[in-house]
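A closer look at the structure
Listed here are the chains, written in short residue letters.
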Number of protein chains: 2
Amino acid sequence: MSDATSSLDPVQLGAYFDLIEVTSLLRHAVEQQLRESGDLSYVQFQLLARLGDSPTGSHRMTDLADGVVYSRSGLTYQVGLLEKEGLVVRAPSPDDERSVTVTLTGAGRELLAKVLPGHVEVVSGLLFAPLSHDEVRSLAGLLAPVRDHMRATPPRSAASRRRKGGA
Amino acid sequence: MSDATSSLDPVQLGAYFDLIEVTSLLRHAVEQQLRESGDLSYVQFQLLARLGDSPTGSHRMTDLADGVVYSRSGLTYQVGLLEKEGLVVRAPSPDDERSVTVTLTGAGRELLAKVLPGHVEVVSGLLFAPLSHDEVRSLAGLLAPVRDHMRATPPRSAASRRRKGGA
DNA sequence: CCGACTTGCTTCGAATTCGAAGCAGAGGTA
DNA sequence: TACCTCTGCTTCGAATTCGAAGCAAGTCGG
């Protein structure tokens, strides 16, 4: 363990705080827009968007949870809501009998198309407005390696479902 | 400036997605560390940290809520928890009788000092590890204007407590 | 001084979120 | 095949979160 990690530069601290604050504010604004324009929560929108991105319009539950950084149980709940609204469909996976495949319906695709422009507008106006295109490129270039690093780093104690406490 | 607010570049899209994902992963990891080392939620830690930053160790409720981007009612709840734990104290403000001033106690300061090193370590190892110091500086330089812009931009319909719906 | 409006915080009910526990299918080894 | 383990999802209870409504103090115009 390096001991040099015992403190953060003012520069680092600023970057960290700004990152948190920017994301919180952005999320807040986006949430509001989504609620007004399509009665969707941010999580629900993320799920629909991710499904819409897929060529087949479907994903497994686990992949969705990993993609959105969401607990399994919470995902079950939200997908249940989306299914009740007729925006997605759940079906057992052909390969793997325990897997559940979630697929976007026509209605889901429509709703996605309906809320997307407003969503983009909020993100553009809030996140990208103060940045030039080159700066956005820089930002993307800085975030990508961080994202990869985080994805590769196991969340502290990777022991998936081992018993936790005693020896 | 590009006027094309109707769609996002692939570059913009990537930056946006990475921003969300990075923050989610970071928050998740930090949350876990805080829970283990000091039985604090992220929000609670943020509140303590913000109080610790203040020269007087105290803030008004509203300023805390704004600083952490938190609903007022949620803040009341969390400050209540912190007070029950003896980490903070609530007192009416001298100037403004309706204002409540939240102040860090000795125990709060101790706990903060106890969890801070681990927190810093997680942030360093996850967020800053893949970046050089110059890159961190760049990141900070990019985020600062965005933060200022977001702070200055009223959240859609600024009508603070006006009635919402009607004409 | 009075009344209308604004601001600061809390209470309340409803919705969301998580982790632990449980069930069932899949994969490997003897 | 029998058994053991791991993976994928759901159910359950508890904790957190938010927005709407309410109360009290401050501010301004008359």
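Going by the annotation in an unreviewed UniProt entry, the name recorded for chain A is MarR family transcriptional regulator, with Streptomyces longwoodensis given as the source organism.

A few words now on the protein's contact with DNA strand C. Around DNA strand C sit 25 residues, and of these Tyr70, Tyr77, Gln78 and Arg98 of chain A together with Thr62 of chain B come closest. Among the atoms of DNA strand C close to the protein, meaning within 4 Å, 62% are from sugar or phosphate groups. Residue Tyr70 of chain A places a side-chain N or O atom 2.3 Å away from a phosphate oxygen belonging to DNA strand C. Taking Arg98 of chain B, its side chain carries an N or O atom lying 2.8 Å from a base oxygen of DNA strand C. Broken down by secondary-structure element, the contributors of at least two residues to the surface near DNA strand C are helix H4 (72-84) of chain A together with helix H3 (61-68) and helix H4 (72-84) of chain B. In terms of residues, the surface near DNA strand C owes the most to one element, H4 of chain A, which gives 4 residues.

Across soluble globular proteins, nonpolar side chains show a tendency to be buried alongside one another. Residues Tyr16, Val88 and Leu127 of chain A together with Tyr16, Leu48, Val88 and Leu127 of chain B are the most contacted members of the largest nonpolar core, which totals 90 residues. Residue contacts for Leu127 of chain B: discarding those within four places in its chain leaves Tyr16, Leu19, Val146 and Met150 of chain A together with Val22, Leu26 and Val122 of chain B.

What follows concerns the interface of chain A and chain B. Contacts between the two partners involve 59 residues from chain A, matched on the other side by 59 residues from chain B. Between the two partners, chain A and chain B, sit 4 salt bridges. Put simply, Arg147 of chain B and Asp18 of chain A hold a salt bridge, and the shortest N to O gap is 3.3 Å. Where chain A touches chain B, the interface holds 13 residue pairs in polar contact (both at pLDDT 80 or more). The set of elements that each furnish at least two residues to the side of chain A that touches chain B consists of helix H1 (10-38), helix H2 (42-53), helix H5 (106-128) and helix H6 (133-152) of chain A. Take the side of chain A that touches chain B: its biggest share by element is 17 residues, from H1 of chain A. Class assignment of the residues belonging to the side of chain A that touches chain B gives a composition of 32 nonpolar, 17 polar and 10 charged.

Our focus in this paragraph is the pattern of salt bridges. Evaluation of the coordinates by the stated rule reveals 14 salt bridges over all chains. Note that Asp66 of chain A is salt-bridged to Arg72 of chain A, the shortest N-O span being 2.9 Å. Owing to a relative accessible area of 44%, Arg72 of chain A belongs among the partly exposed residues under this scheme. Look at the salt bridges and you will find they share partners, linking Asp18 of chain A together with Arg147 and Asp148 of chain B into a network.

Calculation criteria
Residues numbered from 1 in each chain as written. Chains lettered and ligands numbered in written order. Predicted model: local features only at pLDDT ≥ 70, side-chain atom pairs only at ≥ 80, totals over all residues. Heavy atoms only, no water. Near = heavy atom within 4 Å. Polar contact = N/O pair within 3.5 Å; in protein donor to acceptor, adjacent residues only side chain to side chain. Helix = DSSP H or I, 4+ residues; strand = E, 2+ residues; numbered from the N terminus. Core = buried A, V, L, I, M, F, W, Y, C linked by side-chain atoms within 4.5 Å. Buried < 20%, exposed > 50% of the residue type's maximum accessible area, 1.4 Å probe, protein only. Contact = heavy atoms within 4.5 Å. Salt bridge = Lys/Arg side-chain N within 4 Å of Asp/Glu carboxyl O. Nonpolar A, V, L, I, M, F, W, Y, C, P; charged D, E, K, R; others polar.

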